[in-house]
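# Residue-level structure breakdown
Residue strings, one per chain:
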Amino acid sequence: MILLDSHNTILLDMLQTRLAGDRADSLKLQIADFDGAKFYAATESDNKAVVHVSLALRCYAELAALGANEFLASIYGDMLQATPDNGYDVTLRIDLDAVAASPDLTERVLTDVPLLKRHAMAALFHKAFVAHAEKQASDVFALHYRDGEAFYVQAQPDRVTVIFATQFKEETDRVFAKVFLQEFVDARRQASCQNAPAVLYSARDPPLELRGLPDVPEGDSVGYVTFILFPRHLADAATREATISRIQLFRDFLHYHIKCSKAYMHSRMRARVDSFLKVLNRAKPELPNAEKKTASGRTFVRRG
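Below or above, wherever it landed, is the structure these notes cover. Per-chain numbering applies: the sequence of each chain, read as written, is numbered from 1 onward. The model is predicted, so local features are restricted to residues of pLDDT at least 70 and side-chain atom pairs to those at 80 or more, both for listing and for counting; the totals for chains, interfaces and linings are taken over all residues. With hydrogens and water stripped out, all remaining heavy atoms of the structure feed into the side-chain values.

## What to know about the pattern of salt bridges
- Think of a salt bridge as a Lys or Arg side-chain nitrogen and an Asp or Glu carboxyl oxygen that are within 4 Å of each other. For the structure shown, the criterion picks out eleven salt bridges.
- In this structure, Asp158 and Arg159 form a salt bridge, with 3.6 Å as the shortest nitrogen-oxygen distance.
- Burial classes: relative accessible area under 20% of the type maximum marks a residue as buried, over 50% as exposed, and values in between as partly exposed (1.4 Å probe, protein chains only). Take Asp158: its relative accessible area is 41%, and that puts it in the partly exposed class.
- Residue Arg159 is classed as partly exposed on the basis of its relative accessible area, which comes to 27%.
- In this structure, Asp173 engages Lys259 in a salt bridge whose closest nitrogen and oxygen atoms are separated by 3.3 Å. Highlighted residues: Asp173 in helix α7 (residues 171–187) and Lys259 in helix α9 (residues 250–282), separated in sequence by 86 residues.
- Here the salt bridges do not stand alone but share partners, grouping Arg146, Glu149, Arg251 and Asp252 into one network. Numbering of helices and strands runs from the N terminus; a helix is a DSSP stretch of H or I covering at least four residues, while a strand is a stretch of E covering at least two.

Here it is in structure tokens:
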């Protein structure tokens, strides 16, 4: 299986290109990312060496209520604009001339700017992790990041629970998802995976943690995936950041591999049909009363 990247590759390529080359040309770049996120990168009209990178998320109001603005300010500092560009929730102002003059700043920009969406959504997890570190139970933090889909995070003194409400509109997708998630459960039985988070899956009925909450997606096409993070998954800063990066992408990871599996099965089906057609072509019956010749050149007619 393939692990998806947390950073936006197009943003990274754009920054690397402009830092390495001529910064006199204007830039206007629109990017659509996973989860309905939208990026816009553009140079200032009077200074082509200054680039604005903006992000729009449909759930940013929920993130802002959980401290996303303060968390982003702690990462990006002066690059974070107090007032985002029109139509966007977050805007970074990057002076490429100043960045190119400082190797440390260059590394920081190339690392953190492509992770803008990841860092914005990480504020939710950090709030829950702080409550867990203080041995307190938190509220259930909800993030409605797609139409009909959401995920929820709740801290307990001994664990952090993350629940994805993901919608499978096609029956075949629901079957594939059930198979994939059963593999998650079975994999924990292996000795090498004993330290992995516990995974639970339920269809239609939401878990107990979500009962009574408003706007919980429900229906036959909705499935609920629960991850239970134990203290070993939050042991230090590096482990916490790795946990956030991987669990954020779970929904995209699951749907990506469902689509890959369907594409693989379709390719195998087409290959099997081609092989059947070849067999049928080789099995065509001979025409009756066809004229034949022997090895010596004599002609005879085979009658059916």
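Moving on from the model shown.
## Description of helix α5 (residues 103–112)
- When we look at burial in α5, the residues that qualify are Thr106, Val109 and Asp112. Seen from one end, α5 has its buried residues packed into an arc of 155°, which puts them on one side. Relative to its buried face, α5 has exposed residues pointing more than 90 degrees away, namely Pro103, Asp104 and Glu107.
- Note on contacts: a residue pair qualifies if any of its non-hydrogen atoms lie within 4.5 Å across the two residues. Lining the buried residues of α5 we find α1 (9–20), α3 (68–76), β4 (90–95), α4 (96–100) and α6 (116–133). Think of it as the arc spanned by the lines of direction from the helix axis to the C-beta atoms.

## Some thoughts on the environment of Leu210
- Residue placement: Leu210 occurs in the loop between β8 (198–203) and β9 (222–229).
- The class of Leu210 is buried, set by a relative accessible area of 2%.
- In the structure, Leu210 is positioned 27 residues away from Ala237 in sequence and 29 Å away in space, judged by C-alpha atoms.
- Those residues in contact with Leu210, other than ones at most four positions away along the chain, are Val140, Tyr152, Ile163, Val216 and Tyr224.

## Here we look at the environment of Thr43
- Relative to the assigned elements, Thr43 resides in strand β2 (residues 38–43).
- Its relative accessible area of 14% is what places Thr43 among the buried residues.
- The spatial distance from the C-alpha of Thr43 to the C-alpha of Ser26 is 5.7 Å, given a sequence separation of 17 residues.
- Setting aside chain neighbours within four positions, we find Thr43 in contact with Arg18, Asp25, Ser26, Leu27, Lys48, Val50 and Val51.
- As used in this structure description, the phrase polar contact means that two N or O atoms lie within 3.5 Å; if the pair is within protein, one of them must be able to donate a hydrogen and the other to accept it, and residues adjacent in sequence are counted only when both atoms belong to side chains. Polar side-chain contacts of Thr43 include one of 3.0 Å to the backbone nitrogen of Leu27.

## Re the layout of surface pockets
- Space inside the largest pocket adds up to approximately 780 Å³.
- Lining the largest pocket are 22 residues, with Leu3, Phe184, Pro197, Phe227 and Arg246 positioned closest to its centre.
- Mapped onto the lining of the largest pocket, the elements with two or more residues apiece are α7, β9, α8 (237–248) and α9.
- A per-element tally of the lining of the largest pocket places α8 first, with four residues.
- When its residues are assigned to classes, the lining of the largest pocket shows 15 nonpolar, five polar and two charged.
- In this analysis, the protein atoms alone were mapped onto a 1 Å grid. Cavities are point sets where a 1.4 Å probe fits without being able to get out; pockets are open sets with protein on both sides within 12 Å along at least five of seven lines; lining residues have an atom within 4 Å of a point. Contributing to the lining of the second largest pocket are 13 residues, with His7, Asn8, Thr9, Asp33 and Phe34 lying nearest its centre.
- Listing elements by their share of the lining of the second largest pocket, those giving two or more residues are α1 and β1 (28–32).
- The residue makeup of the lining of the second largest pocket, split by class, is six nonpolar, four polar and three charged. Grid points are joined across faces, edges and corners, and a volume is the space filled by probe spheres set on the points. For this classification, the nonpolar set comprises Ala, Val, Leu, Ile, Met, Phe, Trp, Tyr, Cys and Pro, the charged set comprises Asp, Glu, Lys and Arg, and every other residue, Gly included, is treated as polar.

## Let's talk about the sheet that holds strand β3 (residues 50–56)
- Two strands are counted as paired when DSSP detects at least two bridges linking them. Within the open sheet, the four strands sit side by side as β1-β2-β3-β4. Their pairing is antiparallel. Edge positions in the sheet fall to β1 and β4, since each of these pairs with one other strand and no more. Mean inter-strand twist for the sheet, computed between neighbouring axes without regard to direction, equals 15°.
- Here β3 pairs with β4 via six bridges, running antiparallel. Note on geometry: axes are lines fitted to C-alpha atoms, helical ones only across the stretch in contact, with angles between N-to-C directions running from 0 to 180 degrees.

## With respect to the packing of α3 against α6
- Running from amino to carboxyl end, α3 crosses α6 at an angle of 125°, the nearest separation of the two axes being 9 Å. The angle between α3 and α6 places the two elements in the oblique class. Considering the relative orientation of α3 and α6, their crossing is right-handed. Contact with α3, carried on its side by Ala68, Phe71, Leu72, Ile75 and Tyr76, involves Leu116, His119, Ala120, Ala122, Ala123 and His126 of α6 and no other residues of that element.
- The class makeup of the residues in the contact of α3 with α6 is nine nonpolar, two polar and no charged. By definition in this entry, angles of less than 35 degrees are roughly parallel, angles greater than 145 are roughly antiparallel, angles of 65 to 115 are roughly perpendicular, and the rest are oblique. Each crossing gets its handedness from the near helix: less than a right angle anticlockwise from the far helix is left-handed, clockwise is right-handed.

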